[in-house]
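# Working through the structure, step by step
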Amino acid sequence: MSKFDWSTLRALAMFGMVATVAGVAVVPTQVAMAQSAVVRGLPDFTDLVDQVGPSVVNIRTREKASERLGANGMDEEMLEFFRRFGVPIPNMPRQQRPQRPQQDEEPQPRGVGSGFILTADGFVMTNAHVVDGADEVIVTLTDKREYKARIVGADKRTDVAVVKIEATGLPAVKVGDVTRLKVGEWVMAIGSPFGLENSVTAGIVSAKARDTGDYLPFIQTDVAINPGNSGGPLINMRGEVVGINSQIYSRSGGFMGISFAIPMDEAIRVSEQLRSSGRVTRGRIGVQIGNVTKDVAESIGLGKAQGALVTGVESGSPADKAGVEAGDIITRFDGKPIEKVADLPRLVGNTKPGTKSAITVFRRGSARDLSITVAEIEPDKPVASKPAEREEKPKASAAAQQLGLSVLELTDAQKKDLKLKGGVAVASATDAAARAGLREGDVILSVANTEIAGLKEFEAVVSKADKSKPLSVLYRRGEWTQYAVIRPLR
(Lines give C-alpha, C1' and ligand atoms only; values in the text may rest on other atoms or scores of the structure.)
Protein backbone atom coordinates (compact mmCIF):
# COMPACT_ATOMS: atom_id res chain seq x y z
CA MET A 1 0.00 0.00 0.00
CA SER A 2 1.39 3.46 -0.86
CA LYS A 3 2.23 6.18 1.67
CA PHE A 4 -0.88 8.02 0.54
CA ASP A 5 -3.04 5.00 1.23
CA TRP A 6 -1.60 4.57 4.75
CA SER A 7 -2.12 8.22 5.59
CA THR A 8 -5.68 7.97 4.38
CA LEU A 9 -6.32 4.97 6.61
CA ARG A 10 -4.76 6.74 9.62
CA ALA A 11 -7.05 9.70 9.00
CA LEU A 12 -10.06 7.44 8.82
CA ALA A 13 -9.00 5.64 11.98
CA MET A 14 -9.11 8.95 13.87
CA PHE A 15 -12.86 8.98 13.26
CA GLY A 16 -13.37 5.32 14.16
CA MET A 17 -14.01 4.38 10.54
CA VAL A 18 -11.27 1.71 10.22
CA ALA A 19 -10.99 -1.59 12.05
CA THR A 20 -8.06 -4.00 12.04
CA VAL A 21 -8.36 -7.74 11.71
CA ALA A 22 -5.17 -9.75 12.30
CA GLY A 23 -3.20 -6.57 11.69
CA VAL A 24 -4.86 -5.88 8.35
CA ALA A 25 -6.78 -2.64 7.91
CA VAL A 26 -10.40 -3.14 6.96
CA VAL A 27 -12.55 -0.29 5.57
CA PRO A 28 -16.26 -0.69 6.42
CA THR A 29 -18.82 -1.09 3.63
CA GLN A 30 -20.11 2.44 4.22
CA VAL A 31 -16.73 3.88 3.22
CA ALA A 32 -16.07 1.44 0.37
CA MET A 33 -19.45 2.31 -1.17
CA ALA A 34 -19.32 6.04 -0.45
CA GLN A 35 -19.72 6.85 -4.13
CA SER A 36 -22.56 4.38 -4.79
CA ALA A 37 -26.09 5.52 -5.54
CA VAL A 38 -27.99 7.10 -2.67
CA VAL A 39 -30.82 4.94 -1.38
CA ARG A 40 -34.13 6.54 -2.22
CA GLY A 41 -36.87 6.84 0.34
CA LEU A 42 -40.39 5.53 -0.17
CA PRO A 43 -42.78 8.00 -1.81
CA ASP A 44 -45.26 10.06 0.17
CA PHE A 45 -48.69 10.07 -1.52
CA THR A 46 -50.43 12.51 0.82
CA ASP A 47 -50.03 15.54 -1.44
CA LEU A 48 -51.28 13.53 -4.43
CA VAL A 49 -54.39 12.48 -2.52
CA ASP A 50 -55.13 16.09 -1.63
CA GLN A 51 -54.50 17.17 -5.21
CA VAL A 52 -56.40 14.47 -7.15
CA GLY A 53 -58.83 13.12 -4.55
CA PRO A 54 -61.56 15.76 -5.10
CA SER A 55 -61.67 14.81 -8.81
CA VAL A 56 -62.53 11.16 -8.10
CA VAL A 57 -66.22 10.25 -7.88
CA ASN A 58 -68.32 7.33 -6.75
CA ILE A 59 -70.77 5.94 -9.30
CA ARG A 60 -73.88 4.01 -8.35
CA THR A 61 -76.21 2.51 -10.92
CA ARG A 62 -79.82 1.39 -10.77
CA GLU A 63 -82.01 -0.67 -13.04
CA LYS A 64 -85.45 -2.28 -13.07
CA ALA A 65 -85.55 -5.25 -10.72
CA SER A 66 -87.34 -7.36 -13.33
CA GLU A 67 -84.28 -6.99 -15.57
CA ARG A 68 -81.73 -7.93 -12.91
CA LEU A 69 -82.06 -11.70 -13.06
CA GLY A 70 -79.52 -13.47 -15.24
CA ALA A 71 -78.53 -17.09 -15.80
CA ASN A 72 -79.60 -19.51 -13.06
CA GLY A 73 -81.70 -16.76 -11.45
CA MET A 74 -78.52 -15.05 -10.25
CA ASP A 75 -78.43 -11.32 -9.73
CA GLU A 76 -76.94 -9.58 -12.79
CA GLU A 77 -74.52 -7.62 -10.61
CA MET A 78 -73.10 -10.87 -9.25
CA LEU A 79 -72.92 -12.34 -12.75
CA GLU A 80 -70.96 -9.29 -13.88
CA PHE A 81 -68.62 -9.77 -10.92
CA PHE A 82 -67.90 -13.35 -12.00
CA ARG A 83 -67.47 -12.35 -15.66
CA ARG A 84 -65.13 -9.42 -15.08
CA PHE A 85 -62.83 -11.13 -12.61
CA GLY A 86 -62.49 -14.60 -14.07
CA VAL A 87 -64.42 -16.56 -11.45
CA PRO A 88 -66.46 -19.59 -12.63
CA ILE A 89 -70.20 -19.05 -12.24
CA PRO A 90 -71.47 -21.56 -9.68
CA ASN A 91 -74.17 -24.00 -10.78
CA MET A 92 -76.72 -22.72 -8.34
CA PRO A 93 -80.46 -23.56 -8.65
CA ARG A 94 -82.81 -20.97 -10.06
CA GLN A 95 -84.19 -18.82 -7.27
CA GLN A 96 -87.95 -18.55 -6.99
CA ARG A 97 -88.90 -14.92 -6.74
CA PRO A 98 -92.38 -13.39 -6.79
CA GLN A 99 -93.33 -11.98 -10.16
CA ARG A 100 -94.75 -8.49 -10.35
CA PRO A 101 -95.87 -6.40 -13.29
CA GLN A 102 -92.90 -4.58 -14.88
CA GLN A 103 -94.63 -1.22 -14.67
CA ASP A 104 -94.74 -1.53 -10.85
CA GLU A 105 -90.97 -2.03 -10.62
CA GLU A 106 -88.86 0.79 -9.23
CA PRO A 107 -85.18 1.11 -10.15
CA GLN A 108 -83.15 -0.96 -7.71
CA PRO A 109 -79.46 -0.73 -6.75
CA ARG A 110 -77.36 -2.55 -9.31
CA GLY A 111 -73.67 -1.84 -8.77
CA VAL A 112 -70.97 0.49 -7.53
CA GLY A 113 -67.98 1.78 -9.44
CA SER A 114 -65.66 4.73 -9.69
CA GLY A 115 -64.93 7.53 -12.11
CA PHE A 116 -63.18 10.87 -12.35
CA ILE A 117 -64.05 14.38 -13.51
CA LEU A 118 -62.69 14.94 -16.99
CA THR A 119 -63.82 18.54 -17.48
CA ALA A 120 -64.93 21.31 -15.14
CA ASP A 121 -68.36 21.46 -16.80
CA GLY A 122 -69.39 17.98 -15.72
CA PHE A 123 -68.06 15.32 -18.07
CA VAL A 124 -67.05 12.24 -16.06
CA MET A 125 -65.05 9.27 -17.37
CA THR A 126 -65.54 5.69 -16.19
CA ASN A 127 -65.68 2.11 -17.52
CA ALA A 128 -68.35 1.03 -19.97
CA HIS A 129 -69.09 -2.06 -17.86
CA VAL A 130 -69.84 0.17 -14.85
CA VAL A 131 -72.79 1.86 -16.56
CA ASP A 132 -73.81 -0.91 -18.98
CA GLY A 133 -77.54 -1.66 -18.69
CA ALA A 134 -78.19 1.03 -16.08
CA ASP A 135 -81.50 2.89 -15.99
CA GLU A 136 -80.11 5.48 -13.59
CA VAL A 137 -76.55 6.62 -12.90
CA ILE A 138 -75.83 8.53 -9.69
CA VAL A 139 -72.52 10.35 -9.28
CA THR A 140 -71.36 11.31 -5.79
CA LEU A 141 -68.55 13.84 -5.29
CA THR A 142 -66.14 13.79 -2.36
CA ASP A 143 -68.07 16.68 -0.75
CA LYS A 144 -71.15 14.37 -0.76
CA ARG A 145 -73.04 16.24 -3.48
CA GLU A 146 -75.04 13.82 -5.62
CA TYR A 147 -76.10 14.18 -9.25
CA LYS A 148 -78.13 12.08 -11.64
CA ALA A 149 -75.91 11.55 -14.65
CA ARG A 150 -76.73 11.16 -18.33
CA ILE A 151 -74.80 8.50 -20.24
CA VAL A 152 -73.15 10.34 -23.13
CA GLY A 153 -71.75 7.19 -24.69
CA ALA A 154 -70.03 3.91 -23.94
CA ASP A 155 -67.59 1.85 -26.00
CA LYS A 156 -67.48 -1.81 -25.00
CA ARG A 157 -64.44 -2.59 -27.14
CA THR A 158 -62.22 -0.34 -25.03
CA ASP A 159 -64.44 -0.37 -21.89
CA VAL A 160 -64.55 3.43 -21.84
CA ALA A 161 -67.67 5.45 -21.01
CA VAL A 162 -68.47 9.12 -20.52
CA VAL A 163 -71.36 10.41 -18.40
CA LYS A 164 -72.50 14.02 -17.87
CA ILE A 165 -73.67 15.74 -14.71
CA GLU A 166 -75.20 19.22 -14.61
CA ALA A 167 -72.58 21.12 -12.64
CA THR A 168 -69.84 23.67 -13.26
CA GLY A 169 -66.58 24.67 -11.63
CA LEU A 170 -65.69 21.06 -10.87
CA PRO A 171 -62.11 19.97 -10.06
CA ALA A 172 -61.00 18.27 -13.29
CA VAL A 173 -58.05 15.90 -13.43
CA LYS A 174 -54.80 16.62 -15.21
CA VAL A 175 -54.17 14.13 -18.02
CA GLY A 176 -50.63 12.74 -18.21
CA ASP A 177 -48.44 11.64 -21.09
CA VAL A 178 -48.55 7.82 -21.18
CA THR A 179 -45.44 7.66 -23.37
CA ARG A 180 -43.42 9.02 -20.43
CA LEU A 181 -44.65 6.29 -18.11
CA LYS A 182 -41.89 3.83 -17.20
CA VAL A 183 -41.95 0.29 -15.90
CA GLY A 184 -41.06 0.39 -12.21
CA GLU A 185 -42.55 3.87 -11.72
CA TRP A 186 -44.74 4.47 -8.66
CA VAL A 187 -48.45 4.96 -9.33
CA MET A 188 -51.55 5.39 -7.19
CA ALA A 189 -55.24 4.52 -7.51
CA ILE A 190 -58.27 6.11 -5.89
CA GLY A 191 -61.69 4.48 -6.02
CA SER A 192 -64.53 2.71 -4.22
CA PRO A 193 -63.52 -0.96 -3.79
CA PHE A 194 -66.50 -2.94 -2.50
CA GLY A 195 -68.32 0.40 -2.13
CA LEU A 196 -65.72 1.86 0.26
CA GLU A 197 -65.46 5.41 -1.09
CA ASN A 198 -62.19 7.35 -1.48
CA SER A 199 -59.89 4.39 -0.89
CA VAL A 200 -56.25 4.93 -1.88
CA THR A 201 -53.86 2.19 -2.96
CA ALA A 202 -50.40 2.38 -4.51
CA GLY A 203 -47.82 0.26 -6.30
CA ILE A 204 -45.61 0.28 -9.36
CA VAL A 205 -46.03 -0.13 -13.10
CA SER A 206 -45.34 -3.82 -13.78
CA ALA A 207 -45.49 -3.72 -17.59
CA LYS A 208 -46.68 -1.60 -20.50
CA ALA A 209 -48.48 -2.50 -23.72
CA ARG A 210 -49.83 -5.71 -22.22
CA ASP A 211 -51.95 -7.45 -24.86
CA THR A 212 -55.26 -8.47 -23.33
CA GLY A 213 -57.59 -6.92 -25.90
CA ASP A 214 -57.83 -6.11 -29.59
CA TYR A 215 -57.59 -2.37 -29.27
CA LEU A 216 -55.83 -1.75 -25.96
CA PRO A 217 -52.18 -2.02 -24.93
CA PHE A 218 -53.00 -2.22 -21.19
CA ILE A 219 -50.84 -0.82 -18.39
CA GLN A 220 -50.15 -3.61 -15.89
CA THR A 221 -49.57 -2.64 -12.26
CA ASP A 222 -49.47 -4.26 -8.83
CA VAL A 223 -51.75 -1.58 -7.37
CA ALA A 224 -54.51 -3.21 -5.32
CA ILE A 225 -57.68 -3.06 -7.45
CA ASN A 226 -60.93 -4.75 -6.45
CA PRO A 227 -64.59 -4.72 -7.55
CA GLY A 228 -65.74 -1.10 -7.25
CA ASN A 229 -62.37 0.33 -8.27
CA SER A 230 -63.40 -0.03 -11.92
CA GLY A 231 -63.44 3.31 -13.70
CA GLY A 232 -61.18 5.05 -11.19
CA PRO A 233 -57.96 6.85 -12.15
CA LEU A 234 -54.41 5.53 -12.19
CA ILE A 235 -52.22 8.47 -11.12
CA ASN A 236 -48.49 9.07 -11.52
CA MET A 237 -46.26 10.89 -9.03
CA ARG A 238 -46.85 14.19 -10.83
CA GLY A 239 -50.54 14.01 -10.02
CA GLU A 240 -51.52 13.19 -13.59
CA VAL A 241 -54.03 10.54 -14.64
CA VAL A 242 -52.30 8.02 -16.92
CA GLY A 243 -54.94 5.29 -17.02
CA ILE A 244 -58.41 4.02 -16.08
CA ASN A 245 -58.41 1.01 -13.76
CA SER A 246 -60.42 -1.62 -15.60
CA GLN A 247 -59.52 -5.26 -14.97
CA ILE A 248 -57.67 -7.63 -12.69
CA TYR A 249 -56.26 -11.10 -13.12
CA SER A 250 -57.76 -13.28 -10.43
CA ARG A 251 -58.66 -16.87 -9.64
CA SER A 252 -60.56 -15.91 -6.51
CA GLY A 253 -62.46 -12.78 -7.52
CA GLY A 254 -60.20 -10.60 -5.38
CA PHE A 255 -56.92 -8.84 -6.00
CA MET A 256 -53.96 -11.15 -6.62
CA GLY A 257 -51.21 -8.67 -7.47
CA ILE A 258 -52.00 -8.07 -11.15
CA SER A 259 -54.28 -5.29 -12.37
CA PHE A 260 -54.76 -3.59 -15.72
CA ALA A 261 -55.49 0.01 -16.66
CA ILE A 262 -56.63 1.51 -19.96
CA PRO A 263 -53.93 3.93 -21.20
CA MET A 264 -55.18 7.49 -20.98
CA ASP A 265 -54.20 8.42 -24.53
CA GLU A 266 -56.45 5.63 -25.85
CA ALA A 267 -59.24 6.63 -23.45
CA ILE A 268 -59.09 10.30 -24.48
CA ARG A 269 -59.28 9.36 -28.16
CA VAL A 270 -62.42 7.32 -27.46
CA SER A 271 -63.97 9.93 -25.16
CA GLU A 272 -63.62 12.66 -27.77
CA GLN A 273 -65.67 10.61 -30.23
CA LEU A 274 -68.25 9.73 -27.57
CA ARG A 275 -68.69 13.38 -26.65
CA SER A 276 -68.99 14.52 -30.26
CA SER A 277 -71.24 11.79 -31.65
CA GLY A 278 -72.13 9.37 -28.85
CA ARG A 279 -70.37 6.50 -30.63
CA VAL A 280 -66.93 5.42 -31.77
CA THR A 281 -66.04 4.79 -35.41
CA ARG A 282 -63.06 2.60 -36.25
CA GLY A 283 -61.30 1.64 -39.40
CA ARG A 284 -61.25 -1.85 -40.88
CA ILE A 285 -59.56 -3.45 -43.86
CA GLY A 286 -61.28 -6.85 -43.86
CA VAL A 287 -58.59 -9.36 -42.91
CA GLN A 288 -58.31 -12.12 -40.35
CA ILE A 289 -54.85 -12.21 -38.81
CA GLY A 290 -52.65 -14.44 -36.69
CA ASN A 291 -49.23 -14.54 -35.06
CA VAL A 292 -45.98 -14.99 -36.94
CA THR A 293 -43.85 -17.52 -35.06
CA LYS A 294 -40.07 -17.58 -35.03
CA ASP A 295 -40.04 -20.89 -36.93
CA VAL A 296 -42.27 -19.53 -39.67
CA ALA A 297 -40.33 -16.27 -39.95
CA GLU A 298 -37.05 -18.14 -40.38
CA SER A 299 -38.43 -20.70 -42.82
CA ILE A 300 -39.93 -18.13 -45.24
CA GLY A 301 -37.00 -15.71 -45.11
CA LEU A 302 -38.69 -12.98 -43.08
CA GLY A 303 -35.87 -13.03 -40.54
CA LYS A 304 -37.38 -12.21 -37.17
CA ALA A 305 -40.88 -12.93 -35.91
CA GLN A 306 -42.79 -9.75 -36.70
CA GLY A 307 -45.89 -8.54 -38.48
CA ALA A 308 -49.41 -9.94 -38.75
CA LEU A 309 -50.07 -13.09 -40.76
CA VAL A 310 -53.14 -12.72 -43.00
CA THR A 311 -55.13 -15.91 -42.47
CA GLY A 312 -58.15 -14.78 -44.45
CA VAL A 313 -59.33 -11.92 -46.68
CA GLU A 314 -62.97 -10.90 -46.75
CA SER A 315 -64.38 -10.84 -50.26
CA GLY A 316 -64.96 -7.29 -51.50
CA SER A 317 -63.19 -5.77 -48.51
CA PRO A 318 -60.60 -2.97 -48.73
CA ALA A 319 -57.83 -5.56 -48.37
CA ASP A 320 -59.30 -7.67 -51.18
CA LYS A 321 -59.51 -4.63 -53.46
CA ALA A 322 -55.95 -3.63 -52.56
CA GLY A 323 -54.59 -7.04 -53.54
CA VAL A 324 -53.83 -8.46 -50.09
CA GLU A 325 -53.71 -12.26 -50.17
CA ALA A 326 -54.07 -14.94 -47.55
CA GLY A 327 -50.57 -15.88 -46.44
CA ASP A 328 -49.24 -12.33 -46.71
CA ILE A 329 -47.52 -10.93 -43.66
CA ILE A 330 -48.35 -7.27 -43.06
CA THR A 331 -45.19 -5.65 -41.73
CA ARG A 332 -46.05 -1.93 -41.92
CA PHE A 333 -49.21 0.18 -41.90
CA ASP A 334 -49.07 3.88 -42.77
CA GLY A 335 -45.30 3.79 -42.29
CA LYS A 336 -45.53 2.34 -38.79
CA PRO A 337 -43.93 -1.05 -38.14
CA ILE A 338 -46.11 -3.99 -37.07
CA GLU A 339 -43.96 -5.64 -34.40
CA LYS A 340 -46.68 -8.00 -33.19
CA VAL A 341 -50.10 -9.05 -34.40
CA ALA A 342 -51.99 -6.80 -31.93
CA ASP A 343 -50.39 -3.68 -33.42
CA LEU A 344 -52.36 -3.94 -36.68
CA PRO A 345 -55.96 -3.74 -35.35
CA ARG A 346 -54.96 -0.80 -33.15
CA LEU A 347 -53.42 1.15 -36.00
CA VAL A 348 -56.23 0.33 -38.42
CA GLY A 349 -58.91 0.90 -35.79
CA ASN A 350 -57.54 4.35 -34.98
CA THR A 351 -57.56 5.34 -38.66
CA LYS A 352 -60.50 7.42 -39.84
CA PRO A 353 -62.72 5.52 -42.30
CA GLY A 354 -62.16 6.71 -45.85
CA THR A 355 -58.46 7.35 -45.31
CA LYS A 356 -56.12 6.09 -48.03
CA SER A 357 -53.23 4.29 -46.35
CA ALA A 358 -50.10 2.43 -47.43
CA ILE A 359 -49.33 -1.08 -46.23
CA THR A 360 -46.27 -3.26 -46.71
CA VAL A 361 -46.70 -7.02 -47.06
CA PHE A 362 -44.13 -9.81 -47.17
CA ARG A 363 -45.14 -12.30 -49.85
CA ARG A 364 -43.17 -15.32 -51.08
CA GLY A 365 -39.79 -14.04 -50.03
CA SER A 366 -40.06 -10.34 -50.85
CA ALA A 367 -41.76 -7.17 -49.59
CA ARG A 368 -44.21 -5.15 -51.63
CA ASP A 369 -46.18 -1.96 -50.99
CA LEU A 370 -49.94 -1.71 -51.52
CA SER A 371 -52.42 1.15 -51.27
CA ILE A 372 -55.61 0.56 -49.29
CA THR A 373 -58.66 2.67 -48.47
CA VAL A 374 -59.79 2.07 -44.89
CA ALA A 375 -63.50 1.31 -44.36
CA GLU A 376 -65.61 1.58 -41.21
CA ILE A 377 -65.72 -1.40 -38.91
CA GLU A 378 -68.86 -3.50 -38.86
CA PRO A 379 -70.02 -6.57 -36.94
CA ASP A 380 -68.29 -9.79 -37.92
CA LYS A 381 -70.29 -12.01 -40.24
CA PRO A 382 -70.31 -15.75 -39.64
CA VAL A 383 -68.93 -17.67 -42.59
CA ALA A 384 -69.92 -21.25 -43.31
CA SER A 385 -67.49 -23.46 -45.13
CA LYS A 386 -68.50 -26.26 -47.45
CA PRO A 387 -66.91 -29.69 -47.37
CA ALA A 388 -64.50 -30.40 -50.21
CA GLU A 389 -65.45 -32.93 -52.80
CA ARG A 390 -63.23 -35.92 -53.50
CA GLU A 391 -63.49 -37.53 -56.89
CA GLU A 392 -60.04 -39.04 -57.26
CA LYS A 393 -57.56 -41.15 -55.38
CA PRO A 394 -54.99 -39.38 -53.24
CA LYS A 395 -51.60 -38.72 -54.80
CA ALA A 396 -48.56 -39.62 -52.69
CA SER A 397 -45.19 -39.51 -54.40
CA ALA A 398 -42.04 -40.71 -52.69
CA ALA A 399 -41.10 -37.11 -51.84
CA ALA A 400 -44.54 -36.36 -50.39
CA GLN A 401 -44.53 -39.63 -48.44
CA GLN A 402 -41.36 -38.54 -46.70
CA LEU A 403 -43.32 -35.57 -45.38
CA GLY A 404 -46.28 -37.74 -44.43
CA LEU A 405 -48.59 -36.21 -47.05
CA SER A 406 -51.11 -37.53 -49.54
CA VAL A 407 -52.78 -34.87 -51.66
CA LEU A 408 -55.56 -34.41 -54.22
CA GLU A 409 -55.96 -32.11 -57.20
CA LEU A 410 -58.64 -29.47 -56.67
CA THR A 411 -61.48 -29.49 -59.18
CA ASP A 412 -62.54 -26.31 -60.97
CA ALA A 413 -65.74 -26.33 -58.94
CA GLN A 414 -63.81 -26.54 -55.68
CA LYS A 415 -61.51 -23.71 -56.70
CA LYS A 416 -64.50 -21.56 -57.59
CA ASP A 417 -66.26 -22.39 -54.36
CA LEU A 418 -63.13 -21.66 -52.29
CA LYS A 419 -62.23 -18.64 -54.45
CA LEU A 420 -58.76 -20.03 -55.09
CA LYS A 421 -56.59 -19.99 -58.20
CA GLY A 422 -54.75 -23.17 -57.27
CA GLY A 423 -53.60 -25.49 -54.53
CA VAL A 424 -53.87 -29.15 -53.58
CA ALA A 425 -56.14 -30.75 -50.98
CA VAL A 426 -54.65 -32.82 -48.17
CA ALA A 427 -56.14 -36.33 -48.26
CA SER A 428 -54.11 -37.53 -45.28
CA ALA A 429 -51.38 -36.21 -43.02
CA THR A 430 -49.16 -38.44 -40.92
CA ASP A 431 -45.69 -38.37 -39.33
CA ALA A 432 -43.92 -35.01 -39.95
CA ALA A 433 -46.93 -33.37 -41.60
CA ALA A 434 -49.22 -34.36 -38.75
CA ARG A 435 -46.71 -33.11 -36.17
CA ALA A 436 -46.68 -29.76 -38.01
CA GLY A 437 -50.47 -29.53 -37.56
CA LEU A 438 -51.66 -30.41 -41.06
CA ARG A 439 -54.73 -32.59 -41.36
CA GLU A 440 -57.18 -34.02 -43.85
CA GLY A 441 -59.22 -31.33 -45.64
CA ASP A 442 -56.55 -28.63 -45.56
CA VAL A 443 -55.66 -26.98 -48.86
CA ILE A 444 -51.94 -26.37 -49.47
CA LEU A 445 -51.38 -23.06 -51.28
CA SER A 446 -47.59 -22.77 -51.30
CA VAL A 447 -44.52 -24.74 -50.31
CA ALA A 448 -41.15 -23.12 -49.51
CA ASN A 449 -42.44 -19.72 -50.69
CA THR A 450 -43.46 -21.21 -54.06
CA GLU A 451 -47.10 -20.90 -55.10
CA ILE A 452 -48.76 -24.24 -55.88
CA ALA A 453 -51.11 -24.29 -58.89
CA GLY A 454 -51.78 -28.02 -58.73
CA LEU A 455 -50.30 -31.49 -58.26
CA LYS A 456 -47.58 -31.00 -60.86
CA GLU A 457 -46.16 -27.94 -59.13
CA PHE A 458 -46.55 -29.55 -55.71
CA GLU A 459 -44.55 -32.61 -56.76
CA ALA A 460 -41.85 -30.48 -58.38
CA VAL A 461 -41.34 -28.27 -55.34
CA VAL A 462 -41.45 -31.09 -52.80
CA SER A 463 -39.05 -33.28 -54.76
CA LYS A 464 -36.47 -30.47 -54.93
CA ALA A 465 -36.81 -29.51 -51.28
CA ASP A 466 -34.03 -30.40 -48.83
CA LYS A 467 -35.71 -32.97 -46.58
CA SER A 468 -33.10 -32.42 -43.87
CA LYS A 469 -34.28 -28.82 -43.32
CA PRO A 470 -37.60 -27.39 -42.07
CA LEU A 471 -40.10 -26.82 -44.90
CA SER A 472 -42.64 -23.98 -44.75
CA VAL A 473 -46.15 -24.75 -45.98
CA LEU A 474 -48.92 -22.18 -46.42
CA TYR A 475 -52.31 -23.85 -46.13
CA ARG A 476 -55.97 -22.99 -45.80
CA ARG A 477 -58.38 -24.57 -43.35
CA GLY A 478 -61.99 -23.52 -43.78
CA GLU A 479 -61.90 -19.74 -44.13
CA TRP A 480 -58.51 -19.29 -42.45
CA THR A 481 -55.03 -19.39 -43.93
CA GLN A 482 -51.88 -20.03 -41.91
CA TYR A 483 -48.36 -21.42 -42.00
CA ALA A 484 -47.01 -24.77 -40.85
CA VAL A 485 -43.37 -25.80 -40.60
CA ILE A 486 -42.72 -29.46 -41.41
CA ARG A 487 -39.61 -30.59 -39.58
CA PRO A 488 -37.62 -33.76 -40.37
CA LEU A 489 -36.91 -36.25 -37.63
CA ARG A 490 -33.36 -35.98 -36.30
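Counting of residues starts from 1 at the beginning of each chain's written sequence and follows it residue by residue. In keeping with the predicted nature of the model, local features appear solely for residues at pLDDT of at least 70, side-chain atom pairs appear and are counted solely at 80 or more, and the whole-chain, interface and lining totals rest on all residues. Hydrogens and water are ignored here; the side-chain numbers use all heavy atoms of the structure.

Residue exposure (1.4 Å probe, protein chains only): buried if accessible area is under 20% of the type maximum, exposed if over 50%, otherwise partly exposed. In this text, helices come from DSSP runs of H or I with a minimum length of four residues, and strands from runs of E with a minimum of two, each type numbered from the N-terminal end. For strand S10 (residues 186-191), the buried fraction is high: five of the six residues fall into the buried class. Relative to strand S11 (residues 199-211), S10 runs antiparallel, the two being bridged by six bridges. Residue pairing for S11: Gly-191 is matched across the bridge by Ser-199. Strand pairing is defined by DSSP finding a minimum of two bridges between the two strands. Sheet topology places S10 next to strand S13 (residues 233-236); three bridges connect them, and they run antiparallel.

The next point concerns the side chain of Asn-58. Within the secondary structure, Asn-58 is located in strand S3 (residues 56-64). Counted as a polar contact is a pair of N or O atoms within 3.5 Å, where, for protein atoms, one must be capable of donating a hydrogen and the other of accepting one, and residues adjacent in sequence contribute only when both atoms are in side chains. There is a polar contact of 3.1 Å between the side chain of Asn-58 and the side chain of Ser-192. Only heavy atoms enter the contact rule, under which two residues are in contact if any of them lie within 4.5 Å. Here Asn-58 is in contact with Val-112, Gly-113, Ile-138, Val-139, Thr-140, Ser-192 and Glu-197, once residues within four sequence places are set aside.

Our next topic: the nonpolar core. Within this scheme, the nonpolar core is defined by two criteria: the residues are buried Ala, Val, Leu, Ile, Met, Phe, Trp, Tyr or Cys, and they are joined through side-chain atoms within 4.5 Å. If you look at the biggest cluster of nonpolar residues, it comprises 38 residues, and the most contacted ones within it are Phe-116, Ile-244 and Met-264. Ignoring sequence-local partners within four residues, the contact set of Met-264 consists of Phe-116, Leu-118, Met-125, Val-175, Val-178, Val-241, Val-242, Gly-243 and Ile-244. Ranked by size, the runner-up nonpolar core spans 23 residues in total, among them Val-424, Ile-452, Leu-455 and Val-461.

So, about the pattern of salt bridges. A pairing counts as a salt bridge when a side-chain nitrogen of Lys or Arg comes within 4 Å of a carboxyl oxygen of Asp or Glu. What the rule picks out here adds up to 22 salt bridges. In this structure, the salt-bridge partner of Glu-314 is Arg-284, at a minimum N-O distance of 2.5 Å. Placement of Glu-314 in the loop between strand S18 (308-313) and helix H8 (318-322) and of Arg-284 in strand S16 (residues 283-284) is noted, with a sequence separation of 30 residues between them. Under the relative-accessibility criterion, Arg-284 is labelled buried at 13%. The salt bridge involving Glu-325 is made with Arg-364; its shortest N-O contact spans 3.7 Å. Residue Glu-325 is found in the loop between H8 and strand S19 (329-333), and its partner Arg-364 is found in the loop between strand S21 (356-363) and strand S22 (366-373); the two are separated by 39 residues along the sequence. One salt-bridge network, in which partners are shared between bridges, spans Glu-325, Asp-328, Arg-363, Arg-364 and Glu-451.

Glancing now at the environment of Ile-235. You can see Ile-235 is positioned in strand S13. Residues Ile-235 and Val-175, 60 residues apart in the sequence, show an inter-C-alpha distance of 9.1 Å. In this structure Ile-235 touches Val-52, Val-187, Met-188, Ile-190, Glu-240 and Val-241, once residues within four positions along its chain are discounted.

Between rings of Phe, Tyr and Trp, where Trp is taken as its six-membered ring, a pair exists when centres lie within 6.5 Å; planes separated by under 30 degrees are stacked, by over 60 edge-to-face, and by other angles tilted. Applying the stated criterion across every chain, the model contains two aromatic pairs. Judged by centre distance (6.0 Å) and plane angle (65°), the rings of Phe-45 and Trp-186 are edge-to-face. Here Phe-45 is found in the loop between helix H2 (29-32) and helix H3 (46-52), whereas its partner Trp-186 is found in strand S10, with 141 residues between them in sequence. Residues Phe-218 and Phe-260 carry aromatic rings whose centres are separated by 6.1 Å and whose planes lie at 65° to one another, so their mutual orientation is edge-to-face. One end of the pair, Phe-218, is in strand S12 (residues 217-221); the other, Phe-260, is in strand S15 (residues 259-263), and 42 residues separate them in sequence. Taken as a pair, Phe-218 and Phe-260 share a single burial class, namely buried. Positioned above the aromatic ring of Phe-123 is the side chain of Arg-275, whose terminal nitrogen or guanidinium carbon lies 4.3 Å from the ring centre. Lysine NZ or arginine CZ positioned within 6 Å of the ring centre and within 35 degrees of the ring normal marks a charge as sitting over the ring.

Before going further, it helps to spend a moment on a nonpolar patch on the surface. Exposure above 30% relative accessible area and the absence of a salt bridge qualify a residue for a patch, where like charges join within 9 Å and nonpolar side chains (Val, Leu, Ile, Met, Phe, Trp, Tyr) within 5 Å. Note on areas: Shrake-Rupley with a 1.4 Å probe; residue coverage comes only from the protein chains shown. Among the surface-exposed residues, Leu-42, Trp-186 and Met-237 lie close enough to one another that they form a single nonpolar patch of about 310 Å² accessible area. Inspection of the secondary structure puts Met-237 in the loop between S13 and strand S14 (240-248). Overall, the relative accessible area of 33% leaves Met-237 in the partly exposed class.

As far as function goes, none of this settles anything; it's purely spatial.
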